[in-house]
Amino acid sequence: MGDHDTARTRLRAALRSSDPWTALSVLHTGRPGPSDPADTTERPERAEQWAAAVEELYRSDADRTAYGGHLTWFLGRLGEAGAQVLVRLVAEPAFSPAERRYLLATAVGRGLRLPAAVLESYARQDAESGGGVDGPPDPVLVNAMGLSGDVSFALRLGALLDDPDAPRGRAALALGRLGARAWTVPIAERLPVEAGLDHVAFAVALEVMGDRAAVPHLLRWLAESREERVYDVHHALVGLTGRDPLLPEGAKGAEFAAAVRAAWADGRTEPAAPEVRDLVVESGARARFRVEEGAGRIRVAFDPPLPGSSWPRWDRSLTFDGRPLYRVGSVCDTCELGLSFLGWPDAEARRIAAGLRGRLADPHRLDAALLADLTPVLAELATGHYRALLLDLPLERVTDPARSWWHLRAQARPVEDDDGCDEDARPEDAWPGVAHFQLPTPVPDARIPATYAAVLPSQPPEALDPAALARHAAALAAGERPAAVVLGWVDDRYVEARDEERWLVGVVLDGHHRLTAYATAGLPARVLWIAPIGEAPGADGGLEGLAELSAAYAVRE
């Protein structure tokens, strides 16, 4: 039996199983699942073979009727090979409108650029079924037009901005993705009449457009907008101007709105030079400072909105110089925290880190002089209020996903609350995707028992220099305690509105060799933990979590 026949046979078997979704996931990942834990047979199929088998079955009327949704879902996970098949199937006029719409939605979810002719065909079909003529256009089609790269759709999308029945927010985002700057001002001028998610979408569309022509309109609307709309206007102004004014620590509601308006009241839109100010040493292990007009080269920022998503602001990533390092996950506080590795930063991140090393060879306490020496690097952070903690963390290095807290957290939840949904969860699906460090137990004496701490790398662990590791091992053996520097934050979750969890997540700015040497020697790692304190709605905060971390692990004078 050839590879194609094998792939088709195994695909049919998965579709006809008692749990086709799990069976398809097993085929996609190549790992035995709960339905076949003893299955260790070789899986030689490549994505191209799976995609060809899916296309063959989908073009069969009987198989498409029975398994169309499963086949489309599987295609969406087959990379470039699946994308090529999706484009061909979306263009197939013989399929029913419902089938074509499902294929189109899958293509949009993948962010695929579809030919204009295919979208025109779909638009005619949509109009014949009532959409776009007697009713609003299909939101999926609006999303697809924005991804097409064809600015000829801009006029049609722009006409939707004033249609009360149209998906106006999606139309604005589509225009932003097309870079249709002729529509910058019309989008900005409509902000005062939009509300809810449409208001957010219009503000994000201006950020995606990247056209400073929106700035005067945003400033005018900021002075008049209601309290709940101020955050999105402020965020758009920061993104378009590069100016990130400091706001009061902990400001919320009316206080936050008033502070934002005051920060932009003078009309200044050009960024000033970064400054680190108000360095206050509270003890030998705790200090605070603020960064004004920070360069923001190392920050947690919102990702561009996902095509087809209902939420214009959702996922966030930790970025180095605008390049995503880890996906931090959504702002949804009832979802589990999930971090995903995205790619290593370039050499510039290592240059920034190198500036931290001079005074950190053997620090025993925080003092003003040490922090002052670090200000050139601290100015690379985003604008905000920060805490600095000098800690001795008993970190272990985790290379097995099954030993990571991202997997173990489900087992630590109360048994009486377990609904069995995580029973078959695979460790590989939960952890961040790279070897990292973590506390071997939750933070002791924390108000939330499930308080976890993890430190992730910003450079490839396999690139560590054996000679540097040996030097640090010798220094530790001689009693020295060199410090690593970590940018960390606190992320509180109330998973499924049932299980309270707190995460103290850090990413190494400098000290990969030091942390590895500490873990190898079985010694607590000295860490300078730098944490931003959130001041805006949806931002991470956590003074309590930092206080608990410090109480348990602060360097003792």
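For the structure, check the block above.
(A) Looking closely at the pairing of strand β13 (residues 525–533). The buried fraction of β13 is high, at eight of nine residues. In this sheet, β13 lies alongside strand β7 (residues 384–393) in antiparallel orientation, the contact comprising nine bridges. Bridge pairing in β13 links leucine 393 to alanine 525. In this sheet, β13 lies alongside strand β11 (residues 484–495) in parallel orientation, the contact comprising four bridges. Across the sheet, the residue bridging to leucine 487 is isoleucine 530, located in β13.

(B) The arrangement of the packing of helix α3 (residues 47–58) against helix α5 (residues 79–90) in detail. The N-to-C vectors of α3 and α5 enclose an angle of 20 degrees; their axes lie 8 Å apart at closest approach. With respect to α5, the element α3 is oriented roughly parallel. Where α3 crosses over α5, the handedness of that crossing is right-handed. Contact residues: Ala47, Glu48, Ala51, Glu55 and Tyr58 in α3; Ala81, Gly82, Val85, Arg88 and Leu89 in α5.

(C) Quick peek at the environment of aspartate 400. Relative to the elements of secondary structure, aspartate 400 occurs in the loop between β8 (396–398) and α19 (405–412). Here aspartate 400 falls in the partly exposed class, since its relative accessible area comes to 36%. Once the C-alpha coordinates of aspartate 400 and histidine 436 are considered, the two residues, 36 residues apart in sequence, prove to be 9.7 Å apart.

(D) Seen up close, the side chain of arginine 168. Tracing the chain through its elements places arginine 168 in helix α10 (residues 168–178). In this structure arginine 168 comes out as buried when scored by relative accessible area, which is 14%. Sequence-distant contacts of arginine 168, that is, excluding residues within four places in its chain, are made with Leu160, Leu161, Asp163, Arg190, Glu194, Asp198 and Phe202.

(E) Region of interest: the sheet that holds strand β5 (residues 323–330). Spatial strand order, β3-β4-β5-β6: four strands in an open sheet with antiparallel pairing. Unpaired on one side and paired on the other, β3 (298–302) and β6 (340–341) mark the two borders of the sheet. Taken together, the two bridges between β5 and β6 define a ladder with antiparallel strand orientation. Bridging across to β6, arginine 327 finds its partner in serine 340.

(F) Structural context of the packing of helix α21 (residues 466–477) against helix α22 (residues 512–521). Two elements in contact, α21 and α22, have axes whose closest approach is 9 Å; the angle formed by their N-to-C orientations is 55 degrees. Taken together, the axis directions place α21 and α22 in an arrangement best described as oblique. Pair α21 / α22 crosses with right-handed handedness. Note on element contacts: α22 touches α21 through His513, Arg514, Thr516, Ala517, Tyr518 and Ala521, opposite Ala468, Leu469, His472, Ala473 and Leu476. Classifying every residue of the contact of α21 with α22 gives seven nonpolar, three polar and one charged.

(G) Seen up close, the nonpolar core. In terms of nonpolar packing, the biggest core is built from 86 residues, with Leu11, Leu157, Leu175, Ile187 and Leu218 touching the most fellow members. Looking at which element gives the most residues to this core, the answer is helix α12 (residues 196–209), with eight residues. Once you skip the residues sitting within four places of it in the chain, leucine 11 turns out to touch Leu24, Leu27, Trp50, Ala53, Val54, Leu57, Leu71 and Phe74. Counting 45 residues, the second-largest nonpolar core is a separate cluster that includes Phe320, Leu325, Leu381 and Leu390.

Scoring rules and cut-offs
- Residues numbered from 1 in each chain as written.
- Predicted model: local features only at pLDDT ≥ 70, side-chain atom pairs only at ≥ 80, totals over all residues.
- Heavy atoms only, no water.
- Buried < 20%, exposed > 50% of the residue type's maximum accessible area, 1.4 Å probe, protein only.
- Helix = DSSP H or I, 4+ residues; strand = E, 2+ residues; numbered from the N terminus.
- Pairing = 2+ DSSP bridges.
- Axes fitted to C-alpha atoms, helices over the stretch in contact; angles between N-to-C directions.
- Parallel < 35°, antiparallel > 145°, perpendicular 65-115°, else oblique.
- Left-handed = near helix turned anticlockwise from the far one by under 90°.
- Contact = heavy atoms within 4.5 Å.
- Nonpolar A, V, L, I, M, F, W, Y, C, P; charged D, E, K, R; others polar.
- Core = buried A, V, L, I, M, F, W, Y, C linked by side-chain atoms within 4.5 Å.

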